Amino acid sequence: MVRAGYGRSFTPAGLGAVFGQAPDYDPPVTIPQQVNQPNNYVPVFSLLNGPPSVPNPAIGSNGRYPLPDGLNVFYFFDPPSSYRIPLAESWNLAVQREFASSLTAEVAYVGNVGRHLYVNPNVNQAALDPSCTPLTCSDFDLRRKFFNRFAAQGRNLTQGLYQICNCDNSSYHGLQIKVQKRATHGLDFLATYTYAKAMANTETGGVFSNNLNWWQDHGPANFDRTHAFTAGYVWELPFGRGRRWHGDSGAALNLLLGGWNFSGITTVNLVCRSRRKFPAHRMCLRI
């Protein structure tokens, strides 16, 4: 028997991102504040006194909130028309075969991709400078996208500005094999094996390293498992009344030997990665 399927699903987004902003993050409900210590050896603020009060920006004459230095911004689209609805596409092709009334096997290819997934990068991160050294890198803030954007209003923004971008992707491709034996002669088992690869950029929307180029983080996902084997089994041990050995045992012997089952689930996962220095060589780790 051959089976195949395809599906596409959408999510309208969370946190009010359809309109580029979340009501629970709008001032004055929540105003994220970033407080930094002068150096790594002094506290950020006194635990007895608590953090300093958050300044509530006054509404400007144009109806907008000015952005003082030190206040973060989350969940905005730039430009507003860049919103895309996140979606997932899934497909499979399977071949099933019955070898006996109690024994079946299945081989399948399963794949899915995520498109227009959320990334929440800090677009005010300083751009990387390959030639920058501790002695020559004196333009750190000047390499921030929004540092000089509002200099005319007397504000140089150094804090994190976390944009919403529907530009993340993920993918999964897997070969799945299943062998199932229904209960006969006291034995029932299900064995599965998967050879797969899962790839992603940020996975949870948070950028791992470079906020200005998160595709540098594209690689095997945290949940990637190259090889996965699972077996579930139940075996009625052939001892006791009505079974192969000691089938005519008395009540006392049957109480001791009869009615025992051996069952369990065995799982083995191997994660394989190519070595950066020698891409043709692979290293696998059992987990």
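Small disclaimer: the values here were computed from a predicted structure and weren't measured.

(A) Geometry of the overall build of the chain. Along the backbone of the chain there are one helix and eleven strands. Scanning the chain from its N terminus toward the C terminus, one meets helices and strands in the order β-β-β-β-β-β-β-β-β-α-β-β. Here the chain holds 287 residues, and 26% of them are scored as buried. Total accessible area computed for the chain in this model is approximately 18,900 Å², and 59% of it derives from carbon and sulfur atoms.

(B) Focus on the state of the cysteines. By the definition in use, this model includes one disulfide. The partner cysteine of C165 in its disulfide is C167, sulfur to sulfur 1.7 Å. Because the torsion about its S-S bond is 135 degrees, the bridge between C165 and C167 counts as right-handed. What makes C167 partly exposed here is its relative accessible area of 22%.

(C) Representation of the side chain of K181. Of note, K181 is situated in strand 6 (residues 165–184). Summary of buried charges: K181 has no salt-bridge partner, and the nearest side chain of opposite charge, D188, is 7.1 Å away. At 3.2 Å, the side chain of K181 forms a polar contact with the backbone oxygen of L187.

(D) Local environment of unusual backbone geometry. Even without glycine at this site, H116 takes up a positive phi of about 60 degrees. Within the element layout of this structure, H116 appears in strand 4 (residues 103–119).

(E) The pattern of salt bridges, seen in detail. Summed over the entire model, instances satisfying the criterion amount to six salt bridges. Salt-bridge contacts for K178 lead to E106; the nearest nitrogen and oxygen are separated by 3.9 Å. Of the two residues, K178 sits in strand 6 while E106 sits in strand 4, which places them 72 residues apart along the sequence. Residue K178 is classed as partly exposed on the basis of its relative accessible area of 32%. Measuring nitrogen to oxygen at the nearest pair gives 2.9 Å for the salt bridge that ties D141 to R144. You can call D141 partly exposed: its relative accessible area is 29%.

(F) Region of interest: the side chain of T104. Checked against the element boundaries, T104 lands in strand 4. For T104, a relative accessible area of 19% corresponds to the buried category.

(G) Spotlight on the environment of D188. Here D188 shows up in strand 7 (residues 187–200). Judged by relative accessible area, D188 falls into the partly exposed class, the value being 30%. Sequence separation of D188 and G232 is 44 residues, and the distance between their C-alpha atoms is 8.4 Å. The contact partners of D188, leaving out residues within four places of it in the chain, are K181, R182, A183, G232, Y233 and V234.

(H) Focus on the nonpolar core. Counting seven residues, the largest nonpolar core consists of L67, L71, F76, V123, F146, L157 and L161. Not counting residues within four places of it along the chain, the set of residues in contact with L67 comprises V73, R155, L157, Q159 and L161.

(I) Here's a closer look at the confidence of the model for the chain. Summing up the model confidence of the chain, the mean pLDDT is 79 and the portion of residues at 70 or higher is 78%. Low confidence marks residues 275–281, where pLDDT is under 50. Its contacts with residues over four positions away, or in another chain, come to five contacts.

(J) Region of the structure containing the pairing of strand 6. For strand 4 and strand 6, the ladder comprises 15 bridges, and the chain directions are antiparallel. Along strand 6, the bridge assignment pairs V113 with S171. Counting the residues in the hairpin turn of strand 6 and strand 7 gives two residues, including H185, whose phi is positive at 55 degrees.

(K) Seen up close, a nonpolar patch on the surface. Together, V2, L93, V95 and Y109 make up a nonpolar patch on the protein surface, roughly 370 Å² of accessible area in all. You can see Y109 is positioned in strand 4.

(L) Expanded view of the environment of P121. Within the secondary structure, P121 sits in the loop between strand 4 and strand 5 (161–163). Exposure remark for P121: the relative accessible area of 1% places this residue in the buried category. If sequence neighbours within four positions are ignored, P121 has contacts with L161, Y162, Q163, V207, N211 and W214.

The rules behind these values
- Residues numbered from 1 in each chain as written.
- Predicted model: local features only at pLDDT ≥ 70, side-chain atom pairs only at ≥ 80, totals over all residues.
- Heavy atoms only, no water.
- Helix = DSSP H or I, 4+ residues; strand = E, 2+ residues; numbered from the N terminus.
- Buried < 20%, exposed > 50% of the residue type's maximum accessible area, 1.4 Å probe, protein only.
- Areas by Shrake-Rupley, 256 points an atom, 1.4 Å probe, with all protein chains shown as cover.
- Disulfide = S-S within 2.5 Å.
- Lys, Arg positive; Asp, Glu negative; His and termini not counted.
- Salt bridge = Lys/Arg side-chain N within 4 Å of Asp/Glu carboxyl O.
- Polar contact = N/O pair within 3.5 Å; in protein donor to acceptor, adjacent residues only side chain to side chain.
- Contact = heavy atoms within 4.5 Å.
- Core = buried A, V, L, I, M, F, W, Y, C linked by side-chain atoms within 4.5 Å.
- pLDDT = per-residue confidence, 0-100.
- Pairing = 2+ DSSP bridges.
- Patch = residues over 30% accessible without salt bridge, like charges linked within 9 Å, V, L, I, M, F, W, Y side chains within 5 Å.

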